[in-house]
Amino acid sequence: MKFKKIGLMLAVSALAITTVTGCGGNNNNGNAAANQNQSQSGNQNQSAAGDEVVDIEVWGTNIGYKPIEKGSKLYEFYKEKLGVGVIHPYVEWNGGTNYLNQLNLKIAANEMPDLFLPQQGLEDSLAKNGALADLTDLLPKYAPNLWNAIPQDMWDIVKANDPTGQGRIYYIPGMVDYGRYSAMIRQDWLDKLGLQMPTTQEEYVKVLEAFRDEDPNGNGQQDELATGGREQARWMDHLFAMYGVAMFEGYPDWDIYDGELTYSAVTPNMKASLEFMSKLYKEGLLDKESLLNTKDKWEGKITSDKVGNYFHWVESGYLPLENLFKNTGVKANFTVLPVQKVDGYEGFYTWKRFTPPAWVVKNNKDEKKLMATLKLLNNMYDKKVWKDLYLGVEGMHYTMKDGKATKLPDDKSTQENLILDPYSKISTLDFMMDLNKSTASEDRMWAIDQVNRNMQEAQKYAKVIAGDGMPASVYEGYPDINNRTLYVEYASKIILGQYPISKFDEFVEKWNKSGGEEVTKRAREWYAKIKK
Ligand SMILES: [Ca+2]
């Protein structure tokens, strides 16, 4: 479920960017209405020429927008841009729960959509039942744009994860082609206090002390929070990262330790990082409420000019900047905090290329529909159409003003759901940066420039972890291991000083006995398979 949130976050961050300049590839968009008129006559021509437009049914996330019906504006737009008719009935999303129920009903009624987003591992059982198209040979042949957009070694992992054990491809993974995360530090505070950017843990602690003691926000009160995070010891990955702990949005993950794939939570690296964090906590360098902070509460502190250093998505960094400016009038400068050097450790910011399955294709007996589905996949994964797909229909999703395309405000009662979002299912650094640059109005450029600079800079510290693409099935039968129950308990208490660091060994033992040993065995078997 956490992955679904990521998808939504990306959609939200993309939607928050509202203006598009009329340069380059956007010239097409100015003619969207004209294109639509042309498309109607054009399609008649196509039909006359025998190039029939086939309709297919597509299901995916819709958080309340209008459906796409035959002949509707978005239907015509997709038909014009992609050569396929997309029918997208409204299905209430409700966090994915209702969607999954409706999807199951539809499948039980033998009315599976032609192309859809699977949920919660549904693709595994469907593949086993022969309900999904085997894409192994179809994609290279009929959807080369998609096939080539995802690296071969990722396809190899998808094959290794084939639930039928035949090494075939039954789903299209989501992908992020760049390191998305970093710690951010207030460069303007460093400058004000005459401090250099820290590069070692020792220097870092000195900087945190200065943030705590020297009133960098200038209000005469000692109200600064040098660094911090959120409940369940999440969103302070930078404090783990310097010890080489694989950590994904606050969730321990899998990487190579001592030569073997290992859950990072049970490594000596984790022990050392928790010990460090308990010291920061004791010294008042870690927000005392770190383990209580909700998302809103922590972000509220960042945007009220109190926090010196936080960890998050780099690409949504304009949100804290702009909110901080709105709240306080301060134009902050957040820069990437390098992974701090600690003797004996190799630090990094975790990068996972895999995001959950983006699409599965019905094992269609209707050859025309199967070919239309593959055509749609091929055409929508052509990067040249991504900005058009992002903007949507002129007059419904965006409007032209002085040669600039401006996204219209979100309006679920009038806007059809932009269901085809390849740019968020395969996220690339260049597209995101280009979108940032070409869509920001002048008055927002100070924040957007920072974000683009930081996105580039963060790549220096991003490392793809060995556990990237590991299927959730390794946790089967061990929900507590999957939910990190023990880890959160011990990590929290150690950080707060309620447990001495020596208790860490007890945690490792308990973890192994309560299923961790078996999960580790499965994880290593999986890893041996993909390394073959
Ligand atoms: Ca202050």
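Here the structure is a predicted model, which means the values were calculated and not measured.

### A look at the overall build of the chain
- Of regular secondary structure, the chain possesses 23 helices and 18 strands.
- In terms of overall dimensions, the chain is globule-like: its C-alpha atoms have a radius of gyration of 25 Å, near the 24 Å expected for 532 residues.
- Seen along its three principal axes, the alpha-carbon backbone of the chain occupies a region of about 75 × 55 × 35 Å.
- Taken over 532 residues, the chain has a buried fraction of 45%.
- In the chain, 75% of the contacts between residues at least 6 apart in sequence involve partners at least 24 apart.

### Some words on the sheet that holds strand E11 (residues 309-313)
- In spatial order, the strands read E11-E6-E12; together these three strands make up an open sheet with antiparallel pairing. Bordering the open sheet on either side are E11 and strand E12 (334-337), each of which pairs with just one other strand. For this sheet the average axis-to-axis angle between neighbouring strands, irrespective of direction, equals 45 degrees.
- In terms of strand pairing, strand E6 (residues 181-186) meets E11 through five bridges, oriented antiparallel. Looking at the pairing, Tyr 181 lines up with Trp 313 of E11.
- Lying on the sheet, helix H20 (residues 445-458) is in contact with E6 and E12; it crosses E12 at an angle near 5 degrees.

### Section: the packing of helix H22 (residues 485-496) against helix H23 (residues 503-531)
- Orientation of H22 relative to H23, taken along the N-to-C sense of each, is 175 degrees, at an axis distance of 10 Å. Relative to H23, H22 is oriented roughly antiparallel. Contacts between H22 and H23 involve Leu 486, Tyr 490 and Ile 494 from the first element and Lys 503, Phe 504, Phe 507, Lys 510, Trp 511 and Ser 514 from the second.
- A class-by-class count of the residues in the contact of H22 with H23 yields six nonpolar, one polar and two charged.

### What about the sheet that holds strand E5 (residues 172-176)?
- The strand order E3-E2-E4-E14-E5-E17 describes an open sheet built from six strands, whose pairing is mixed. In the strand order of this sheet, the two ends are held by strand E3 (85-87) and strand E17 (426-427), each with one partner.
- In the sheet, strand E2 (residues 55-59) pairs with strand E4 (residues 115-116) via two bridges, with the strands oriented parallel. Within E4, the residue paired with Trp 59 across the bridge is Phe 116.

### Structural notes on the environment of Leu 391
- With respect to the helices, strands and loops of the structure, Leu 391 is situated in helix H17 (residues 386-391).
- Taking the number of C-beta atoms within 10 Å as the measure of exposure, Leu 391 has 21 and is therefore buried.

### Regarding the domain arrangement of the chain
- Examined at the domain level, the chain breaks down into domain 1 (2-177 + 357-439) and domain 2 (181-351 + 467-531).
- On a C-alpha basis, the centroid separation for the pair domain 1 and domain 2 is 35 Å.
- Between domain 1 and domain 2, the contact holds 10 residues from the first and eight residues from the second.
- Those elements that place two or more of their residues in the side of domain 1 that touches domain 2 are helix H1 (2-15) and helix H9 (152-160).
- The greatest single-element share of the side of domain 1 that touches domain 2, amounting to four residues, is contributed by H9.
- Looking at the side of domain 1 that touches domain 2 residue by residue, the classes come out as five nonpolar, three polar and two charged.

### Remarks on the pairing of strand E9 (residues 254-257)
- By the bridge criterion, four bridges tie E9 to strand E10 (residues 260-263) in an arrangement that is antiparallel. Across the sheet, residue Trp 254 finds its bridge partner in E10, namely Tyr 263.
- Taking the residues between adjacent antiparallel strands as the criterion, E9 and E10 are bridged by two residues, where Asp 258 takes a positive phi near 55 degrees.

### Describing H22
- Here H22 is 12 residues long and its end C-alpha atoms lie 17 Å apart, about the 16 Å a rise of 1.5 Å per residue gives.
- Within the span of H22, buried status applies to Leu 486, Tyr 487, Tyr 490, Ala 491, Ile 494 and Ile 495. An end-on view of H22 places all buried positions within 145 degrees of arc, on one side of the element.
- Next to the buried residues of H22 lie strand E8 (251-252), helix H13 (268-282), helix H21 (479-482) and H23.
- Phi turns positive one or two residues past the end of H22, at Gly 497, with a value near 80 degrees.

### Description of unusual backbone geometry
- Positive phi is not limited to glycine here, since Asn 110 has a value of about 65 degrees.
- By the secondary structure assignment, Asn 110 is in the loop between helix H5 (97-108) and E4.
- Asn 110 sits in the exposed class, given 7 other C-beta atoms within 10 Å.
- One non-glycine residue with positive phi stands out, namely Arg 484, at about 60 degrees.
- Note on placement: Arg 484 falls in the loop between H21 and H22.
- Under the C-beta neighbour-count criterion, Arg 484 is labelled partly exposed, with 19 such atoms within 10 Å.

### As for the nonpolar core
- Judged by nonpolar contacts, the single largest core of 80 residues is most densely connected at Ala 241, Trp 254 and Tyr 349.
- Setting aside residues up to four positions removed in sequence, Ala 241 forms contacts with Met 247, Val 339, Gly 347, Phe 348 and Tyr 349.
- Trp 59, Val 86, Leu 135 and Ile 169 belong to the second largest nonpolar core, which has 55 residues in total.

### Some words on the packing of helix H19 (residues 429-439) against H20
- Closest axis-to-axis distance for the H19/H20 pair is 10 Å, and the angle between their directions is 165 degrees. Classed by the angle they form, the pair H19 and H20 counts as roughly antiparallel. In terms of crossing hand, the pair formed by H19 and H20 is left-handed. Where H19 approaches H20, its residues Leu 429, Met 432, Met 433, Asn 436 and Lys 437 are matched on the opposing element by Ile 448, Val 451, Asn 452 and Met 455.
- Within the contact of H19 with H20, the residues separate by chemical class into six nonpolar, two polar and one charged.

### Topic: the pairing of E6
- Across the six residues of E6, six count as buried, placing the element largely inside the fold.
- The alternating pattern of E6 places Tyr 181, Ala 183 and Ile 185 and Ser 182, Met 184 and Arg 186 on opposite faces, both of which are buried.
- Bridge analysis of E6 against E12 gives four bridges, and the strand direction is antiparallel. Paired with Ile 185 across the two strands is Thr 335, which belongs to E12.

### Section: the environment of Val 508
- Take Val 508: it is sitting in helix H23.
- The partly exposed category is assigned to Val 508, around which 19 C-beta atoms lie within 10 Å.
- Put simply, Val 508 and Asn 323 are 185 residues apart on the chain and 41 Å apart in space, counted from C-alpha to C-alpha.

Definitions and cut-offs
Residues numbered from 1 in each chain as written. Predicted model: local features only at pLDDT ≥ 70, side-chain atom pairs only at ≥ 80, totals over all residues. Helix = DSSP H or I, 4+ residues; strand = E, 2+ residues; numbered from the N terminus. Rg over C-alpha atoms; globule rule 2.2 N^0.38 Å. Buried ≥ 20, exposed ≤ 12 C-beta atoms within 10 Å, placed from the backbone. Contact = placed C-beta atoms within 7 Å. Pairing = 2+ DSSP bridges. Axes fitted to C-alpha atoms, helices over the stretch in contact; angles between N-to-C directions. Parallel < 35°, antiparallel > 145°, perpendicular 65-115°, else oblique. Nonpolar A, V, L, I, M, F, W, Y, C, P; charged D, E, K, R; others polar. Domains from an automatic or database assignment. Expected span 1.5 Å × (residues − 1). Arc of directions from axis to C-beta. Core = buried A, V, L, I, M, F, W, Y, C linked by C-beta atoms within 7 Å. Left-handed = near helix turned anticlockwise from the far one by under 90°.

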